[in-house]
Structures are given as structure tokens and as C-alpha cells.
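Structural description and commentary
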Protein chains: 2
Amino acid sequence: MVQKNKPPPAAKIGAPAVPKRRGRPRAYEPDVALGKALDLFRRAGFAATSLDDLSAATGMNRPSLYGAFGDKRELYIKSYRRYRDDARAAMGAVFRDEAPLRQRLERIYAIALDIYLSGEAGPRGCFTVMTAGSEAVSDPAIRAMVLEGLTELDKAFANCFRLAKERGELAGSADTTALAHLASSTIHTIAIRARACVPRKELEAIVKGALDVMCGPK
Amino acid sequence: MVQKNKPPPAAKIGAPAVPKRRGRPRAYEPDVALGKALDLFRRAGFAATSLDDLSAATGMNRPSLYGAFGDKRELYIKSYRRYRDDARAAMGAVFRDEAPLRQRLERIYAIALDIYLSGEAGPRGCFTVMTAGSEAVSDPAIRAMVLEGLTELDKAFANCFRLAKERGELAGSADTTALAHLASSTIHTIAIRARACVPRKELEAIVKGALDVMCGPK
DNA sequence: ATTCTTTTGTACCATTTTGAACAAAAATCC
DNA sequence: GGATTTTTGTTCAAAATGGTACAAAAGAAT
């Protein structure tokens, strides 16, 4: 039931960010606990993940879970936020840099496949897509996050295509919005197929085919 | 708790398919009950739909539900089968006829949007996509159905594009498999977005953009 | 050493959920 | 009419679930 046995880490000299909490020290690290919770939610979804499961996986007992993250719904939302932060961190650099279009897209899809296919208990897919499919969409706050996630991806892809068009990598007649939606569609389709255990090779072939259509064959 | 009050329908003269069942007659029609169950599962997914919900919606009490469809998992599977049969029935004609490519695809997407956006309690999305996202994929039988649904759609689209190519509606260099995957991707993306309550107009715009890329602008 | 603060861990509660048992009901067959 | 068959409707039981109360524990502040 204990997350780690290490004694409280000797505070680094001159680390002002840790002003010595007052009461009994936590037996868990909130970040790793949230990661475990995210793992569970990604595997089974909201309803099928019980607080007992979460308690076991995080090494925190129920009251601690409440104290740290609130009730199940709040924990789900925080897990989702964590997922999106991670995804943003992984893709952000590629979306910000200015490499040739095809190269950037290839990198994005490679990262996406890593995210969707990782996990010991089978591929985990995309949390945004899973949440959209779950009962959680009936919750307005959660639905807003899903919508936000979808449009954020659309916009990031649209930027890629616009830049490529400016640079002459794409025909002047290209519809960058439509292409961006196709790029997102491809993300969505591989997320779904990954969940159904389609092997990586096939997913990569689907991505390659989509890239050939969107960017012209290499 | 009763599905309908109508007395047992007077058997049509010369209808040999109804050999008069022996015991107490059913108070429900299996087909409409299964339809109600499907509605519930589509709204909330497997785990979040309880047998009580199903019992209330179908007008059957629990033991009858068991007798008719087996346990919850079996009922889910039968609902899924029903969903797929319905979808096949709705799209089959379009996939079988030989109208011009763009027209056929437009019809398919219109039907898909009808399916995904229908429902009083918010849009219901695509059951295949929802199931893929749910905990149900960890069940091998269900996962197999999902995979089957995905590849069936791929193949139907691939046939459309192959035929179009033979007819010269498409460039000889067109990669029909890649185009089919893009067509499926577009189905998947609108299913997901529908679930997130993106309005029909926007979904139609996404479809139009995808069609322009796949078939060439109209 | 004592007090105060925060977290932990156990125990508990109310509700929901799945599933099964079983007698009553409603029809057909003889 | 009586036996048989099938479904219904009530009821129960066992387990799981989300959430909370509360005393013990572990550290800092005084």
C-alpha cells in the first residue's frame, strides 16, 4: 500500500520551492499517482474503473485519494488534463519547428503511435477519443475538454499546412482546412484501430497512404 | 412495465412461420426490446448501463431479460450485432449500386450522419467506435467484432474507389486502398465529433472537404 | 516535552448491481 | 377440465461501489 520506501529526499541546498510542509508527510508523490490513475482510466474508461482499482494502483487509500484529487469525476478530469499536457509536451516541439511538411507530419504520427500503442495491458488508444465515446461526454465540463482537444489538434495541423503552402511545398489551390481535418481524421482512425489491436505495421501503412494523399507521394 | 397492450396479433392466414408457441405468451417483442437496449448502450456504454436501466427501458424484468438475451455481456453483443445489421441495411444499397463515385460517397456520409446524430438524449455516435474506446475491447469476442466492423467498412470503400478507377473517374495512379482508409477515417472523425456535439453543419463541411480531396473538387 | 497540523489506515454506511430462486399466471395439448 | 409448458413478477442474497468518520501516526512549531 506504500508507493515508495525512500526516506524524504534530502532537500537540495538552496531549493526554496519546498518550504517544509507542516504535518505528517505524504506517502505518495502526487505526480506518479496521477500517472497510475491515468493508466487505469485509459485502459478501462471512467465507469469501469473503480475507486478500489485506483486505490490499489496508486498505492493511496481512498481517503488520501479524496484529499489529493477530489472525487472520482475530478480525478478523471485531472487525469485527462495530465494526458493532454503530456501529449502537448511530446508533440509541441514538432508543431512549433519549421521542418518540411512531410517530415513534421511523419514525426507527429510516430509520436501518436507511441502514445496509442504503449501500455502493458494492450494498446491504450487516445484518451480524447475514448472519452468522447464514453458516458463522460454527458458531463458538460468533460465534453468541453474533448471538444477543446479536437479543435486544438485541428488548428495545429492547419498551421502546418498553411506554412507549407506559404513555402510552396503545397499547391496554391490546396484547402488547408480540409487537409487539417484529414490529418486529424488520420489521428482518430489510428487511435481507434490501435485500440482494436491492429498491429503497428498496418497503422504505419495507413499513415503512409494518408501522407501520400495529403502531401503528394514521396 | 408492460411493453404494449395489444392482444396477440391475429395470426395471418397461411403464415407458417408462427407455429404457435406453447406456454405463456411473451409480453414483449424481442426486436423492439433489443432496439431499446441498443439505445441505452449507445448512450452510456457498457459499464455505465445497468440491468435496471435495461429492464426499465425494455419493459422486461430482469429474469425475462436473462431468458431472452442471456447476461449483460451477451445482450451487449446482441445489441452490437443489431446495430451493425441496421447500418448494413441502411448503407448496403449505396455500396452495391453503381452511381458515380462522389454521389455514392455523399450518400454514405449522409446516412452515417443520420445514424450518429440521431437520438433524443444527444448524439449517439458510432457504436463500433464507442465500443473500441470502451473497456469492452478487452473481451476478445467483442474486439473481434470491432475489427470486423472496421475492415468491412474499409473494404466497402475500397470497392467504390476501385470501381471508380476502372471507370476513369479517378486517375490511374490513385491508390484505392489509401483512399479507402481516408474515407473510413472521415467516418471515424465525424463519429467522434458528433459525440462531442459538433453541429451537423460543421460535420457536413468536414465531409465536403474530405470529398474534395478524395474525388477532386466538384 | 508538548502542542498543533496534516496525512494515513481502518472501519463503516448507504446504495447500487448482478444474478438466481420460486410461486403465480397464461397459454397450448390431451 | 386437467396436465404441461413457458413466461412473468416478486423477492432475496451476495458482492461491489462511491463516499465518509475517526482515531492513530508522523512530522514541524513552540
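Report follows, based on the coordinates.

So, how was this worked out
- Residues numbered from 1 in each chain as written.
- Chains lettered and ligands numbered in written order.
- Predicted model: local features only at pLDDT ≥ 70, side-chain atom pairs only at ≥ 80, totals over all residues.
- Heavy atoms only, no water.
- 1 Å grid on protein atoms, 1.4 Å probe; cavity = no way out; pocket = protein on both sides within 12 Å on 5 of 7 lines; lining within 4 Å.
- Points joined across faces, edges and corners; volume = space filled by probe spheres on them.
- Helix = DSSP H or I, 4+ residues; strand = E, 2+ residues; numbered from the N terminus.
- Buried < 20%, exposed > 50% of the residue type's maximum accessible area, 1.4 Å probe, protein only.
- Polar contact = N/O pair within 3.5 Å; in protein donor to acceptor, adjacent residues only side chain to side chain.
- Contact = heavy atoms within 4.5 Å.
- Axes fitted to C-alpha atoms, helices over the stretch in contact; angles between N-to-C directions.
- Parallel < 35°, antiparallel > 145°, perpendicular 65-115°, else oblique.
- Nonpolar A, V, L, I, M, F, W, Y, C, P; charged D, E, K, R; others polar.
- Arc of directions from axis to C-beta.
- Buried area = accessible area lost by both parts, 1.4 Å probe.
- Salt bridge = Lys/Arg side-chain N within 4 Å of Asp/Glu carboxyl O.

**Some thoughts on empty space enclosed by the protein**
Counted according to the given criterion, the structure contains 3 cavities of 30 Å³ or more. For the largest cavity, the calculated volume is near 110 Å³. In terms of lining, the largest cavity is formed by 18 residues, of which the most central are G45(A), S134(A), E135(A), S134(B) and E135(B). When residues of the lining of the largest cavity are traced back to their parent elements, those giving at least two are α6 (127-133) of chain A together with α6 (127-133) of chain B. For the lining of the largest cavity, the element with the most residues is α6(A), which contributes 3 residues.

**Some details on the side chain of R102(A)**
Residue and element names in this part refer to chain A. The residue R102 is located in helix α5 (residues 101-117) in this model. For R102, a relative accessible area of 12% translates into the label buried. Here G216 takes part through its backbone oxygen, which lies 3.4 Å from a polar atom of the side chain of R102. Leaving out residues up to four positions away in the same chain, R102 has contacts with K208, L211, D212, C215, G216, P217 and K218.

**What to know about the packing of helix α1 (residues 30-44) of chain B against helix α4 (residues 72-96) of chain B**
Residues and elements named next belong to chain B. Viewed as axis vectors pointing N to C, α1 and α4 meet at an angle of 95°, and their least axial separation amounts to 9 Å. Comparing the axis directions of α1 and α4 gives the class roughly perpendicular. Facing α1, whose interface residues are D31, L34, G35, A37, L38, F41 and R42, α4 presents K72, L75, Y76, K78, S79, R82 and Y83. Each residue belonging to the contact of α1 with α4 can be placed in one class, and the counts come to 7 nonpolar, 2 polar and 5 charged.

**With respect to helix α2 (residues 51-58) of chain B**
Residues and elements named next belong to chain B. Those residues of α2 that sit buried are L51, L54, S55 and T58. With its buried residues spanning 100° around the axis, α2 presents them on a single face. Looking at the buried residues of α2, the elements they touch are α1, α3 (62-69) and α4. Looking at the residues trailing α2, positive phi occurs at G59, about 75°.

**Thoughts on the interface of chain B and chain A**
On the chain A side, the residues contacting the 34 residues of chain B number 35 residues. When the two sides are added together, the surface that chain B and chain A hide from each other amounts to roughly 2800 Å², 71% of it contributed by carbon and sulfur. When the area that chain B buries against chain A is broken down by residue, the three leading residues are L182(B), I192(B) and R193(B), summing to 19%. On the surface where chain B and chain A come into contact, there are 2 salt bridges. Among the ionic pairs, R193(B) bridges to D154(A), the shortest N-O distance being 2.7 Å. Summed over the shared surface of chain B and chain A, the result is 8 residue pairs in polar contact (both at pLDDT 80 or more). Contributions of two or more residues to the side of chain B that touches chain A are made by α6, α7 (140-166), α8 (176-195) and α9 (200-215) of chain B.

Everything listed here is a matter of geometry and, on its own, says nothing about what the molecule does.
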